[in-house]
Amino acid sequence: MLTIEGLRKEYGAVVALQGASLSLVPGTIHALLGANGSGKSTLVKMLGGVVRPTEGMIWVDEQRLETGSPAHAIHQGIAVSYQETSLVPSMSVADNLLLGIEPTGKAGYVARRAIRERAAEILDQLELNIPPDVPVAELPTNAQHLLEIGKALVKRPKYLVLDEATAALRREEVKRLFSIVCGLRDEGAAILFVSHRFDEVYAICDRATVLRNGAVVGTRSLSKTSREELIQDMIGQRISLEPVRQETGNSIKKQSLRLKARSLTNSELGGVDLEVSAGEIVGIGGLQGQGQTALLRALIGAILVRGDLETEGHRGLFRNPSHAAESGVRFISGDRGREGVFGQRSIYENIMIGRIATSPLWQRAWQRGKNRAVRDLVEQLKIVHHSLTQEVRGLSGGNQQKVLFARTLASRPNVVILDDPTKGVDVSTRMEIHRLLRSMAGAGVGLLIASSDDEELAGVCDRVLIMYEGRIVRELTGDLQPSHITKASIEGAQSEKGKGAETRADSL
Amino acid sequence: MAFTERVKQRLGQSSRNSLGIAVGVAVLLTAVGGAFNRGFVSPSNLLNLLAISSLLGLAAAGQTLVVLSGGEGIDLSIGAVISLSAVLTSQISNGQNGLLLPAVVVTLVVGVLLGLVNGLGIYLAQVPPLIMTLGMSSVIEGIVLVYTQGQPKGQAPPFLAALGTGQVLGIPWLIIVWAMFTLIIWYVLKYLVYGRLLFLVGDNRSAGRMSGVPVAKLVVGTYALSGFFSACTGILFLGYTNTTYLNIGDVYILPSVAAVVVGGTALSGGRGGYIGTVVGAILLTVLDSLLTTLHMGEATRGIINGVVLLVLLSIYTRQPKDA
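Residues numbered from 1 in each chain as written. Chains lettered and ligands numbered in written order. Predicted model: local features only at pLDDT ≥ 70, side-chain atom pairs only at ≥ 80, totals over all residues. Heavy atoms only, no water.

Per an unreviewed UniProt entry, chain B goes by Branched-chain amino acid transport system / permease component and derives from Acididesulfobacillus acetoxydans. Per UniProt, chain B carries the Subcellular location (unreviewed entry) text "Cell membrane". (UniProt positions renumbered as here; feature names shortened; annotations may be inferred.)

Labelled according to an unreviewed UniProt entry, chain A appears under the name ABC transporter, originating from Acididesulfobacillus acetoxydans.

In structure tokens:
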């Protein structure tokens, strides 16, 4: 038996998990459910030894697990298949499968032949028709996820953790996985199954533990629990800390359309239509990884997509983000360090680029008066700094985010597309950013915001589109409540899967 | 708290500091040369040193831009383009002033086109810059060999030869030309949109792309500019030496990179500038000349050259990797 006792994890001031407890019983499959940010992945990573808990213990068969040590977790018979996969792209399939548990020969050298044989065996079991010598990077996504699962299975675990393992798989692959997992259960292993697909949970799991805001709501026997009860557990009653939204943008709303997209389609998007008017803030919600990121990137031409797009003074899809910027469509990435700030350059330059990014290259960049404009923006956004020539990497996350907003304001945009605009910023900066978003809308800008934070969406948006598996499945308008958005996100997963999933559950 | 802030601020200016160090070392080396041999610091020798530096400085101009553009940017085809340009100008003009203009135009166009091919291969085909420009280098050298059949013909037209070796008011033309180029590059980097964006994109290419910068145009254009500067260097080199032979540009390949780095431009891109490279080119030329003056053998010169470079670079890089 594996027992988790009062696991707690703090990241600075943020509490990701506040004292979670549960136990995995051999011979059972245990579901772990929860909305975005409820702490599922944190819990999973602690089991795998990747994240060290701030407090709490994990007991494996009466023995205390040394936390924060992946090697010890593996030694104790715990194997984890991670949502984001833990494969080394440049290494071969076989080497990845046996990474860390390579069979060794007498003198301690790695037994190449044994690796190949063992790998071939597990690939066979998974009915994966891929040669063991191919580098992982060359595999399609679903094969990589199968391999991630295989990497956990090859350790012959007593405790198997599957974090959203089925999300990227095809139906027949899920079926195969379930038969393997059930086989493992019958041999006496315990499985922790993390998923947001209710049909799958009901098909194979015995019990379910629900997490909400980093705390365990309860553990229920699935045979005596309805879906509605589970959903209620996941949503609960949340207290909103946000001030009531001011309807500043309403007066000019519907006057003009700022952005209109039709049937955007690619490998991650299944035909998305959407419109953003001047002065309107449109939110994109849904469970994590339902194509939100792909949608934002498709709109600015950062990834390939088919479909049609219309903005003021421009018709057709954008070729690249620069093309979008020329038409006044600006993007603020959720990945601030990699795609946002220029860390080694000054605050001044980081803001100024908003103005000059699309200017002809041979034009003069600085003109008198622009200095003043940058200074005004820095003051308006209350960016804490000691000099405009200071490097941006020395600023706090919240101030860096404000620099990105200043840059965007300097560019005088028609449409601003934002990915998780308050990710990793403190509460007061978050409020400031929300006010800023409203005032941008008040000035006639059309905003499109993707966020995994339903409170944020409810607090700041005029309407919210719920995405599920690359499509918009619901639109919420009027009086927005965080719990409604969360509920729609979870139900979106259900209603959308509805018919197909039932037949799948039968066939299992 | 206040102390760490101050330290951070100081380190933030490290590129300026490394420029100061480079200037100091260059002056020091000149003084050492003067101590051994008074002729070393005579005005005529100093001007001569500057004139020699100018060719390296021009070759390193394109290198500076390419390195600044980031993405592990480097141009190892500089030497080959210089060789080809000298050969082209010499063969087309055939020593006649009247044919100089067409020769120069053809040479510059070819230089830009070769740089363009580099840029397209690097940006669109995603070939690493080191590999792309190295491959380009051997392709060009092969072309030179076929074009000249191993025997470059012709010589510099008198006008070009005058530019390469002549003086005005006692100052070599080469220095004046270099000063003009320096002024223009400095202005472009400091005041034009291209220059400002080059630093930002060099620091973080993905962020540049997402902020709407036409990164493809910028990066490909930068390699084309490098080809342009190499072509200019080749033409002036022909004027300086009057005749040409195969692979004359090879001696500039690594020194051009060294001049950039000694001048305080970060090989990772986004930080530095051309003024640093100018100082770097002078420093390297003075060092080489000093070692020759001291009658050091080829081997000793190589060793000391390398040690000086390593010491300088280890001083520059004494800064935190991440803030």
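Draft legend 1. Structural view of the domain arrangement of chain A. Residues and elements named next belong to chain A. Its domain assignment divides chain A into domain 1 (2-236), domain 2 (238-328 + 413-508) and domain 3 (342-412). Domain 2 puts 15 residues into the contact, and the matching count from domain 3 is 12 residues. For domain 2, the biggest contributors to the area lost against domain 3 are Pro413, Glu432 and Leu436; these three give 42% of the whole. At the surface where domain 2 touches domain 3, the tally comes to one salt bridge. Residue Glu432 pairs with Lys402 through a salt bridge whose shortest N-O separation is 2.9 Å. Viewed at the interface, domain 3 and domain 2 are joined by two residue pairs in polar contact (both at pLDDT 80 or more). (Domains from an automatic or database assignment. Contact = heavy atoms within 4.5 Å. Buried area = accessible area lost by both parts, 1.4 Å probe. Salt bridge = Lys/Arg side-chain N within 4 Å of Asp/Glu carboxyl O. Polar contact = N/O pair within 3.5 Å; in protein donor to acceptor, adjacent residues only side chain to side chain.)

Draft legend 2. Here's a closer look at the interface of chain A and chain B. Across the contact, 34 residues belong to chain A and 32 residues belong to chain B. Of the roughly 2900 Å² buried where chain A meets chain B, counting both sides, 56% is carbon and sulfur surface. The closest approach of N and O atoms between B:Arg196 and A:Glu349, which form a salt bridge, is 2.6 Å. The interface formed by chain A and chain B contains 17 residue pairs in polar contact (both at pLDDT 80 or more).

Draft legend 3. Just the packing of helix α12 (residues 253-262) of chain B against helix α13 (residues 274-293) of chain B, in detail. Residues and elements named next belong to chain B. Packing of α12 against α13 leaves a shortest axis separation of 7 Å and a crossing angle of 120°. Taken together, α12 and α13 sit at an angle that is classed as oblique. Remark: the crossing between α12 and α13 carries right-handed chirality. Mapping the contact onto sequence places Pro255, Ala258, Ala259, Val260 and Val262 in α12 and Gly276, Thr277, Gly280, Ala281, Leu283 and Leu284 in α13. (Axes fitted to C-alpha atoms, helices over the stretch in contact; angles between N-to-C directions. Helix = DSSP H or I, 4+ residues; strand = E, 2+ residues; numbered from the N terminus. Parallel < 35°, antiparallel > 145°, perpendicular 65-115°, else oblique. Left-handed = near helix turned anticlockwise from the far one by under 90°.)

Draft legend 4. Geometry of unusual backbone geometry. Residues and elements named next belong to chain A. A positive phi angle is found at Glu62, which is not glycine, with a value near 70°. Relative to the assigned elements, Glu62 resides in the loop between β4 (55-60) and β5 (63-64). Since its relative accessible area comes to 76%, Glu62 is described here as exposed. The phi dihedral of Arg156 is positive, around 45°, even though this residue is not glycine. Note that Arg156 resides in the loop between α5 (141-153) and β7 (159-163). (Buried < 20%, exposed > 50% of the residue type's maximum accessible area, 1.4 Å probe, protein only.)

Draft legend 5. Representation of the environment of A:Gln292. All names here are of chain A. Along the chain, the position of Gln292 falls in helix α9 (residues 292-299). When the C-alpha atoms of Gln292 and Gly337 are compared, they prove to be 20 Å apart, with 45 residues separating the residues in sequence. Leaving out residues up to four positions away in the same chain, Gln292 has contacts with Ile284, Gly285, Gly286, Leu287, Ala450 and Met467.

Draft legend 6. Layout of the sheet that holds strand β16 (residues 329-332) of chain A. Residues and elements named next belong to chain A. Taken in spatial order, the six strands line up as β16-β17-β18-β13-β19-β20 in an open sheet, and their pairing is mixed. Because the sheet does not close on itself, it has two edges, and the strands there are β16 and β20 (471-476). Averaged over all pairs of adjacent strands, the angle between strand axes in this sheet comes to 20°, irrespective of strand direction. (Pairing = 2+ DSSP bridges.)

Draft legend 7. Main features of the sheet that holds strand β12 (residues 270-277) of chain A. All names here are of chain A. Pairing is antiparallel in the open sheet, where four strands are placed in the order β12-β11-β14-β15. Strands at the two margins of the open sheet, each flanked by one partner only, are β12 and β15 (314-315). As defined by bridge partners, strand β11 (residues 257-265) adjoins strand β14 (residues 306-311) across five bridges and the pair is classed as antiparallel. Residue pairing in the sheet places Ala261 in a bridge with Leu309 of β14.

Draft legend 8. Quick peek at the packing of helix α4 (residues 78-93) of chain B against helix α5 (residues 100-123) of chain B. Residue and element names in this part refer to chain B. Remark: α4 packs on α5, axes separated minimally by 8 Å, with the N-to-C direction vectors making an angle of 155°. The pairing of α4 with α5 is recorded here as roughly antiparallel in orientation. For the crossing formed where α4 meets α5, the hand is right-handed. Along the contact surface, α4 presents Val81, Leu84, Ser85, Leu88, Thr89, Ile92 and Ser93, while α5 presents Leu100, Ala103, Val106, Thr107, Val110, Gly111 and Leu114.

Draft legend 9. The environment of B:Leu114, seen in detail. Residues and elements named next belong to chain B. When you line up the elements, Leu114 lands in helix α5. The class of Leu114 is buried, set by a relative accessible area of 14%. Apart from residues no more than four positions distant in its own chain, Leu114 is found in contact with Val81, Leu84, Met136 and Ile140.

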